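# What the coordinates show
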Amino acid sequence: MIFKKNGNRIVYTVGAPVLRKIAAPVAVVDDNIRKLASDMIDAMGYFNGIGLAAPQYGESLRLVVIDVPQESNTGSPGEALLLPKMPLVLVNPEIVMSSEKSASREEGCLSVPGLYAPVCRPERVVLRTQIMDGDFIEIECGGLLGRCIQHELDHLDGKLFTDRVEPDTARQIRGDLDRLTRIGQSRNFRRNK
């Protein structure tokens with residue numbers, strides 16, 4: 001069963017208004033933000049994800065947690081620096097540059113449970129962000145890490161991966177999206193465990 005009625009860990013699903021809002025910047029990293037990030041990491045792991053944005057957790061803030069496997073390293077500077085530090089919290093992350101070369105790869109999303117589709121994205125991006133220890137970084141990221149960053153930052157701007165699929169694919173998945181939205185609506189758009 002994709003949706004459960006009771007539980008502590010929540011991920012908001014397709015149809016939830018919070019997923020379509022542009023998230024507000026994090027003003028200050030305090031105990032509330034640290035607790036939110038910790039809870040998000042817990043939920044991400046519990047639902048077997050590699051990334052989770054605060055809007056997916058019901059908070060319209062520019063905060064992302066990621067836990068990309070180290071074995072996914074394709075050799076970008078960002079992967080070398082960041083993969084050993086997983087899970088990682090990104091505060092007010094932004095993409096400041098994208099490669100011209102792009103690639104298509106199947107994506108899924110904790111907020112769109114059970115649905116996967118190919119999405120074309122730049123192969124590499126330059127990420128600028130604050131991390132939880134207060135340091136600021138700006139680094140080029142590729143591979144699964146680069147894709148995960150792009151996917152999660154889309155959530156901060158009110159976008160889902162399904163908004164980025166080709167028109168033919170969008171038509172093919174429309175029925176599944178409608179079904180997930182109806183199921184989600186009956187459960188207040190919350191996926192609990």
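Let us look at the structure shown here. Every value quoted in this text rests on a predicted model; they were computed, and no experiment measured them.

Looking only at helices and strands, the protein chain has four helices and nine strands in total. Of the regular secondary structure in the protein chain, the N- to C-terminal order runs β-α-β-β-α-β-β-β-β-β-α-α-β. What you see for the protein chain is a C-alpha radius of gyration of 16 Å, in line with the 16 Å of a compact globule of 193 residues. Expressed as lengths along the three principal axes of its C-alpha atoms, the size of the protein chain is roughly 40 × 40 × 30 Å. Partitioning the intrachain contacts of the protein chain with sequence separation of at least 6 by distance along the chain shows that 71% fall at a separation of at least 24.

Here we take up the sheet that holds strand β7 (residues 125-131). Sheets are built from strands paired through backbone hydrogen bonds, the pairs being either parallel or antiparallel. A sheet is described by the order of its strands in space; here five strands give the open sequence β2-β3-β4-β7-β8, paired in antiparallel fashion. Strands at the two margins of the open sheet, each flanked by one partner only, are β2 (51-53) and β8 (136-141). Strand-to-strand twist in this sheet, taken as the mean axis angle between neighbours without regard to direction, amounts to 35°. Packed on one face of the sheet, helix α1 (residues 31-46) meets β2, β3 (63-66) and β4 (88-98) and runs near 40° to β3. Lying over the sheet, helix α3 (residues 143-156) contacts β2, β3, β4, β7 and β8, oriented at roughly 150° with respect to β3.

As a further point, take the side chain of Ser72. As for its placement among the helices and strands, Ser72 is situated in the loop between β3 and α2 (77-82). Residue class for Ser72 comes out buried when judged on its relative accessible area of 17%. Within polar-contact distance, the side chain of Ser72 engages the backbone oxygen of Pro69 at 2.6 Å. In contact with Ser72, other than residues within four places in its own chain, are Glu79, Leu83 and Leu144.

We now examine helix α4 (residues 167-186). The terminal C-alpha atoms of α4 lie 28 Å apart, and with 20 residues this matches the ideal 28 Å at 1.5 Å per residue to within 8%. The principal kink in α4, of about 45°, is found at Ile173. Here α4 has its buried residues at Thr169, Ile173, Leu177, Leu180 and Gly184. For α4, the elements touching its buried residues are β6 (112-122) and β9 (190-192). Of the residues one or two after α4, Asn188 is the one with positive phi, at around 55°.

Considering the arrangement of structural elements, one finds Arg147 in helix α3. Apart from the residues lying within four places of it in its own chain, the contact partners of Arg147 are Ala103, Ser104, Arg105, Glu107, Val119 and Arg121.

What counts as what
- Residues numbered from 1 in each chain as written.
- Predicted model: local features only at pLDDT ≥ 70, side-chain atom pairs only at ≥ 80, totals over all residues.
- Heavy atoms only, no water.
- Helix = DSSP H or I, 4+ residues; strand = E, 2+ residues; numbered from the N terminus.
- Rg over C-alpha atoms; globule rule 2.2 N^0.38 Å.
- Contact = heavy atoms within 4.5 Å.
- Pairing = 2+ DSSP bridges.
- Axes fitted to C-alpha atoms, helices over the stretch in contact; angles between N-to-C directions.
- Buried < 20%, exposed > 50% of the residue type's maximum accessible area, 1.4 Å probe, protein only.
- Polar contact = N/O pair within 3.5 Å; in protein donor to acceptor, adjacent residues only side chain to side chain.
- Expected span 1.5 Å × (residues − 1).
- Bend = angle between axes of the 7 residues up to and from the residue.

These values are about where atoms sit, not about what they do.
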